[in-house]
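Next come the chains, spelled out residue by residue.
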Amino acid sequence: DGGITQSPKYLFRKEGQNVTLSCEQNLNHDAMYWYRQDPGQGLRLIYYSQIVNDFQKGDIAEGYSVSREKKESFPLTVTSAQKNPTAFYLCASSDQDRGQETQYFGPGTRLLVL
Amino acid sequence: AQKVTQAQTEISVVEKEDVTLDCVYETRDTTYYLFWYKQPPSGELVFLIRRNSFDEQNEISGRYSWNFQKSTSSFNFTITASQVVDSAVYFCALTVYNQGGKLIFGQGTELSVKP
């Protein structure tokens, strides 16, 4: 089956700890995205990557880091610098044609701070 | 700057009623794309429709229909004869051509369809 997988489904972070959220896609999409969703709000863009080994900051990149070493994978690290990390994190991917293509989303990871 | 407004935070209807979800957008760009996504309780966003700024033709897909009006910067979504399975949060989103695909989302409208 083609699609986007995210793991884990739930993640718990202790104070001062870095955690990494996984996102994998087998849709052969060039572009991948990370969004954050807070309760009762829309999604906000954290980082995006249009091609391997390249990525750009979105609107709320502070306290997060990413890598794009493979086309299929775009992991997101929530660092200890992110003071309010509790949220629902969604990964998406799309074909890359000047940003006009539809983004398809994974099932999400819920991050909670202990 | 771009912006998407979904003024209806929550809507509650009884099964078989028709319901319209409003979406108003702002952009100065002439080439842009509008989307609707459905987020069921499981959390995953499900793509419903994509519209480009040069195509104002309304679209119907089964019980779903979309009304795109550039004159009022609106892209409204109507569900006809609603069903309990339609209960979800619905998001309207906007992206502008050649800006990396960044989606600007509205706040979402939570639709509750009661039997």
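Read on for a plain summary of the structure. (Residues numbered from 1 in each chain as written. Chains lettered and ligands numbered in written order. Predicted model: local features only at pLDDT ≥ 70, side-chain atom pairs only at ≥ 80, totals over all residues. Heavy atoms only, no water.)

1. Brief notes about the interface of chain A and chain B
With 23 residues of chain A at the contact, the number on the chain B side is 22 residues. With both chains or domains summed, chain A and chain B bury close to 1,900 Å², and 50% of this area falls on carbon and sulfur atoms. Where chain A packs against chain B, one counts 1 salt bridge. Between Asp 59 of chain A and Lys 102 of chain B there is a salt bridge, and its shortest N-O distance comes to 2.6 Å. Among the elements of the structure, strand 4 (31-37), strand 5 (43-51), strand 9 (87-94) and strand 10 (104-105) of chain A are those that each provide at least two residues to the side of chain A that touches chain B. (Contact = heavy atoms within 4.5 Å. Buried area = accessible area lost by both parts, 1.4 Å probe. Salt bridge = Lys/Arg side-chain N within 4 Å of Asp/Glu carboxyl O. Helix = DSSP H or I, 4+ residues; strand = E, 2+ residues; numbered from the N terminus.)

2. Overview of the pairing of strand 10 (residues 88-96) of chain B
All names here are of chain B. In terms of burial, strand 10 is largely enclosed, as 8 of its 9 residues are buried. As judged from the 3 bridges shared by strand 10 and strand 12 (residues 109-114), these two strands associate in the antiparallel manner. Along strand 12, the bridge assignment pairs Val 89 with Glu 110. Note: strand 10 against strand 11 (residues 104-105), 2 bridges, orientation antiparallel. (Buried < 20%, exposed > 50% of the residue type's maximum accessible area, 1.4 Å probe, protein only. Pairing = 2+ DSSP bridges.)

3. Quick look at the sheet that holds strand 3 (residues 19-25) of chain A
Residues and elements named next belong to chain A. Taken in spatial order, the 4 strands make up an open sheet running 1-3-8-7, and their pairing is antiparallel. For this open sheet the edge positions go to strand 1 (4-7) and strand 7 (64-66), each flanked by a neighbour on one side alone. Within this sheet the neighbouring strands show an average axis-to-axis angle of 20 degrees, counted without direction. Bridging between strand 1 and strand 3 involves 4 bridges; their strand directions are antiparallel. When the bridges of strand 3 are listed, Gln 6 appears paired with Cys 23. (Axes fitted to C-alpha atoms, helices over the stretch in contact; angles between N-to-C directions.)

These figures capture arrangement, not role.
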